[in-house]
Amino acid sequence: MINELPYERLLQECLRGELRLLNAYLPRQQKLLSDLLREEYPHVVCTDGSTHLFKRKELKYLASLINDDEQEALLLPMLIGVSSGQGEMAIICRGEVEEKVISKILDMPVTPKQQRIMIYKPQLSILRQMLKTTTQYLFSPKIIE
Amino acid sequence: MPQLVKVRPTKIELIKLRRRLFLAERIQKIVKDRLSILTLEFLQIARETVEAKRKLINNFSELYRALSIAAGYHGYIALEKELIASERDLEIAAGSRNIAGTRIPTFELKEAERGIRGYNLVDTSSWFDQTAQLSEKCLEAIVVMAELQSSLELLGREINRTKRIVNALEYLVIPGLQATIKYLKMKFEERDREEKSRLKRVKVLLEQR
């Protein structure tokens, strides 16, 4: 059997932990920007039960980019899908608000395709620099299947 | 030379091993993705740390300059009196965020009410205001620096751990599985050949009778 090797069991445990880690920190439910701005300590609860704290500075920055109605539509944290072995990432967006926010931050027009905005790694680093707590990585289930 | 996995040479085991290999390759891809994300974030934070450190040093040198001018202007005793009056509690919102499975602390200095610094505005000069303003800036810079430095350490540790897993998969597990699959295939081919020659031999014997 494969488990007979001395290192094998340890490795299996490591890998199991690795897979458990991957998407455990995703939020149970995304929150609207307008709601988060009203909270004293803006946060979301993750699937593993931990809390993810948003920085008020970032929330205010996002609020400055869009109007009040759009604040009611922007769900946070924004999810960045990581595709296996590819240089591009996909930002999952449900409406035009995300598109507007991303294009303003990157200072370039972006077009969503099938509710996804494709960006490349240099753009990703700009985005993450500006939105550290308001974006999160999502390892797509397609990779795991 | 990759280490062979100890298995019984059966077709069922071959199928199992193929499944394991498929899974191992998938996991390797995921872990590699995670490693690249962690490295990207690490480099980003490293750049920010350098910038934050420079800012911190600049802020402190400006603060000491302003403080020494204020001390010269007001005198040490008056300065100390005002400093005691301007003491206040700091509020820092501390929480955590997650980068590809790595929990990282976040700190945010809560904005105090501007303009209320506690010291007497009549007895103090603009030098004192400037000193207070600069010290607030320094506090903010310290909080930012604390967050960045701890993030850098945690990410570095996680990158090392992930790298070890990637290497183990790349150089140990996957080659081992591949070698075992190859060995089993060869074994089955050998058995086929033996079977064929046995049949031929039986045929010859039957013909001779």
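Parameters at a glance
- Residues numbered from 1 in each chain as written.
- Chains lettered and ligands numbered in written order.
- Predicted model: local features only at pLDDT ≥ 70, side-chain atom pairs only at ≥ 80, totals over all residues.
- Helix = DSSP H or I, 4+ residues; strand = E, 2+ residues; numbered from the N terminus.
- Buried ≥ 20, exposed ≤ 12 C-beta atoms within 10 Å, placed from the backbone.
- Contact = placed C-beta atoms within 7 Å.
- Core = buried A, V, L, I, M, F, W, Y, C linked by C-beta atoms within 7 Å.
- pLDDT = per-residue confidence, 0-100.
- Pairing = 2+ DSSP bridges.
- Axes fitted to C-alpha atoms, helices over the stretch in contact; angles between N-to-C directions.

### Observations regarding the overall build of chain A
Item 1. Check the secondary structure of chain A and you find seven helices and eight strands.
Item 2. When burial is assessed residue by residue, chain A has 28% of its 145 residues classed as buried.
Item 3. Across chain A, the fraction of contacts at a sequence separation of at least 24, relative to all contacts at a separation of at least 6, is 53%.

### Digging into the nonpolar core
Item 1. Within the largest apolar cluster, 46 residues are counted, with the highest numbers of intra-cluster contacts made by L74(A), L76(A), I80(A), V82(A), I91(A) and Y137(A).
Item 2. With eight residues, helix α3 (residues 126-208) of chain B is the single largest residue contributor to this core.
Item 3. Setting aside residues no more than four positions away along its own chain, L76(A) makes contact with Q30(A), K31(A), L33(A), L36(A), F54(A) and T134(A).

### What about the confidence of the model for chain B?
All names here are of chain B.
Item 1. Considering every residue of chain B, the mean pLDDT works out to 86; 93% of them sit at 70 or more.
Item 2. For chain B, helix α2 (residues 76-85) is the element with the lowest average pLDDT, namely 77, and α3 is the one with the highest, namely 91.
Item 3. Our summary of model confidence lists the complex with pTM equal to 0.81 and ipTM equal to 0.80.

### Topic: the pairing of strand β2 (residues 102-109) of chain B
Consecutive side chains of a regular strand alternate in pointing toward one face of the sheet and then the other.
Residues and elements named next belong to chain B.
Item 1. Of the pairings in the sheet, the one linking strand β1 (residues 92-99) to β2 comprises eight bridges and is antiparallel in character. Of the residues in β2, the one forming a bridge with G95 is T106.
Item 2. The antiparallel hairpin formed by β1 and β2 contains two residues in its connecting segment, where A100 sits at a positive phi of about 45°.

### Quick notes on the sheet that holds strand β6 (residues 88-92) of chain A
Residues and elements named next belong to chain A.
Item 1. In spatial order, the strands read β7-β6-β5-β8; together these four strands make up an open sheet with mixed pairing. Where the open sheet ends on each side, the last strands, each with one partner, are β7 (116-120) and β8 (135-139). Each strand of the sheet is rotated relative to its neighbour by a mean of 35°, with strand direction disregarded.
Item 2. Two elements, strand β5 (residues 78-82) and β8, share five bridges in a ladder whose sense is parallel. Each residue of the ladder has a partner; that of G81, found in β8, is L138.

### Observations concerning unusual backbone geometry
Item 1. Here the residue pair L76(A) and P77(A) is connected by a cis peptide bond, since its omega of -5° sits within 30 degrees of zero.
Item 2. Inspection of the secondary structure puts P77(A) in the loop between β4 (75-76) and β5.
Item 3. The backbone phi angle of Q115(A) is positive, close to 60°, even though this residue is not glycine.
Item 4. Mapped onto the secondary structure, Q115(A) falls in the loop between α5 (96-106) and β7.
Item 5. We note that A100(B) has phi near 45°; this positive angle belongs to a residue other than glycine.

### Topic: the pairing of β5(A)
Residues and elements named next belong to chain A.
Item 1. Judged by which residues are buried, β5 turns out to be one-sided: M78, I80 and V82 face inward and are buried, whereas L79 and G81, on the alternate face, are not.
Item 2. Sheet topology note: the β5/β6 ladder contains four bridges and is antiparallel. Paired with V82 across the two strands is M89, which belongs to β6.

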